[in-house]
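# Understanding the architecture of this molecule
Each chain, letter by letter, is given below.
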Amino acid sequence: VTISDDNARVAALLPTGESVEVLLFGATVLSWKDAAGDEKLWLSEASKLDGSKGVRGGIPIVFPLFGPPNADHPATSKLPQHGFARTARWEYLGKSTSEGSSSSVKLDFGLSSENLDDATRAAWPYKFGLLYSVTLDRESLNTTLVISNQGDESFDLQTLLHTYFRVKDITSVRISGFEDSSYVDKVDGAKAKTEASAPVTFSGEADRVYTPAKGPGHPVIVSDDGQPRFRIVRDNLDQVVIWNPWADKAEGMSDFVPKSGYKNMVCVEAGSVKGWQKLDKSDTFEAAQTIFLS
Ligand code: BG6
């Protein structure tokens, strides 16, 4: 296992060739490659990597709110869309490894109230700690987030792992795991619907928040070009957001390059975003996803 820490990124390489790279801004996983060097995540060529904006690709972390701020929830109404965790600079806390036939590496990152700038602390004045662990082994990538309330006041949270998967051709992508599940269709006026056609396919912009009927233990499977490619298993993340901006919305995003890139990506985002999780003093909320290569 090799760790290179140039104060901006942390990269780990297994002896068998698999690798992962994490940007300290947002503790954003930027790259995940298999032993053959094939990239599994999509990353825009124009992504901001300096914390001025969330990364357009990889796995940004959404916390403590999902989506745009809303006056209906005053505690998060002064925060930017998807919160501050994806732009704040995290601390690299170290690695642990296991060698041998089942070699793996775990990288730990931390963010707490003390790491935030004054403006963010004023907008969201709670004392919190985030511990994020990225574990790479030969077959999978696990990302685990532990959120703790380190202050005296309770706070509400939403969180989500905004994974951008790299695919060969969006029109051949099929996503299963949403059979008979209810969802909110943000492209169609936030209407509540129930998934009848399984699996999910793409022929235009998609922005949907699913609550999979079978629960988080039931995998969501992303197939591409007739092959199952990714199997996502969730822990404590009851929703899955499916997002593809398609041609027009990609055109309108300055950090989305190349513009045709929407054909090669699909966001499948495991999260806890329906309502709010209330975290009392000294409580923790632990959530994770494991992505297996199928
Ligand atoms: C998705 C949302 O999670 O993120 C979309 O459901 C949103 O509505 C997308 O457009 C990208 O958000 P952002 O803030 O990274 O441009």
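The coordinates are above.
What this report covers is the structure whose coordinates are included nearby. (Residues numbered from 1 in each chain as written. Predicted model: local features only at pLDDT ≥ 70, side-chain atom pairs only at ≥ 80, totals over all residues. Heavy atoms only, no water.)

## Describing the site of the ligand
Lining the immediate environment of the ligand, one finds R56, F66, Q81, H82, R86, H162, K186, D207, V241, W243 and E269. Within the side chain of K186, a nitrogen or oxygen atom sits 3.0 Å from an oxygen atom of the ligand. Here the ligand, which alone exposes 390 Å², has 82% of that area covered by the protein. Class assignment of the residues belonging to the shell around the ligand gives a composition of three nonpolar, three polar and five charged. (Near = heavy atom within 4 Å. Polar contact = N/O pair within 3.5 Å; in protein donor to acceptor, adjacent residues only side chain to side chain. Areas by Shrake-Rupley, 256 points an atom, 1.4 Å probe, with all protein chains shown as cover. Nonpolar A, V, L, I, M, F, W, Y, C, P; charged D, E, K, R; others polar.)

## Notes on unusual backbone geometry
P64 follows F63 through a cis peptide bond whose omega is 0°. Along the polypeptide, P64 turns up in the loop between strand 5 (61-62) and strand 6 (91-98). Omega for the bond connecting V257 with P258 falls within 30 degrees of zero, at -5°, which places this linkage in the cis form. Position of P258 among the secondary structure elements: in the loop between helix 2 (246-251) and strand 19 (265-279). The residue H82 is not glycine, and still its phi comes out positive at about 65°. The class of H82 is buried, set by a relative accessible area of 8%. (Helix = DSSP H or I, 4+ residues; strand = E, 2+ residues; numbered from the N terminus. Buried < 20%, exposed > 50% of the residue type's maximum accessible area, 1.4 Å probe, protein only.)

## Side note on the sheet that holds strand 9 (residues 140-149)
Spatially, 6-7-8-9-20-17-16-12 is the arrangement adopted by the eight strands of the open sheet, whose pairing is antiparallel. Lying at the two open borders of the sheet, with one neighbouring strand each, are strand 6 and strand 12 (174-176). Each neighbouring strand pair of the sheet contributes to a mean axis angle of 15°, computed without reference to strand direction. In this structure, strand 7 (residues 104-112) lies alongside strand 8 (residues 128-137), joined through nine bridges in antiparallel fashion. Counterpart to G110 in the pairing with strand 8 is L131. (Pairing = 2+ DSSP bridges. Axes fitted to C-alpha atoms, helices over the stretch in contact; angles between N-to-C directions.)

## Quick notes on the packing of aromatic side chains
To describe a pair of aromatic rings, you give the distance between the ring centres and the angle between the ring planes. Per the stated rule, a full pass over the model turns up 18 aromatic pairs. Consider the rings of F63 and F84, whose centres lie 5.9 Å apart with planes at 90°: the pair is edge-to-face. Here F84 lies in the loop between strand 5 and strand 6 and F63 lies in the loop between strand 5 and strand 6, a separation of 21 residues in the sequence. Residue class for F63 comes out buried when judged on its relative accessible area of 0%. (Phe/Tyr/Trp six-rings, centres within 6.5 Å; stacked < 30°, edge-to-face > 60°.)

## Details of the pairing of strand 3 (residues 19-23)
Within strand 3, four of the five residues are buried, leaving the element largely enclosed by the surrounding structure. In terms of strand pairing, strand 2 (residues 9-13) meets strand 3 through five bridges, oriented antiparallel. Residue pairing across strands places A12 opposite V20, the latter belonging to strand 3. Where strand 2 hands over to strand 3, the hairpin turn is made up of five residues, of which G17 adopts a positive phi near 110°. Sheet topology note: the strand 3/strand 4 (residues 28-33) ladder contains five bridges and is antiparallel. Along strand 4, the bridge assignment pairs V20 with W32. In this structure, the hairpin formed by strand 3 and strand 4 is closed by a connection of four residues, where G26 is found at a positive phi of approximately 80°.

## Re the pairing of strand 18 (residues 239-244)
Most of strand 18 sits inside the fold, with six of its six residues counted as buried. What you see with strand 18 is no split at all: Q239, V241 and W243 on one side and V240, I242 and N244 on the other are buried throughout. In terms of strand pairing, strand 15 (residues 206-211) meets strand 18 through five bridges, oriented antiparallel. Along strand 18, the bridge assignment pairs D207 with W243. In this sheet, strand 19 lies alongside strand 18 in antiparallel orientation, the contact comprising five bridges. Residue pairing for strand 19: W243 is matched across the bridge by C267.

## Here we look at the nonpolar core
Core analysis: the largest hydrophobic core is formed by 73 residues, its most contacted members being F63, W90, F109, Y132, I175, F202 and V268. Take this core: its biggest share by element is six residues, from strand 19. Excluding its chain neighbours within four sequence positions, the residues that come into contact with V268 are L161, T163, F165, I175, V220, V222, I232, V240, V241 and I242. Counting residues in each nonpolar core, the second largest holds six residues, with V62, F66, L160 and V241 among its members. (Core = buried A, V, L, I, M, F, W, Y, C linked by side-chain atoms within 4.5 Å. Contact = heavy atoms within 4.5 Å.)

## Quick notes on the environment of I291
For I291, the position within the fold is in strand 20 (residues 284-293). Taking C-alpha positions, I291 is 28 Å from A190, a pair spaced 101 residues apart along the chain.

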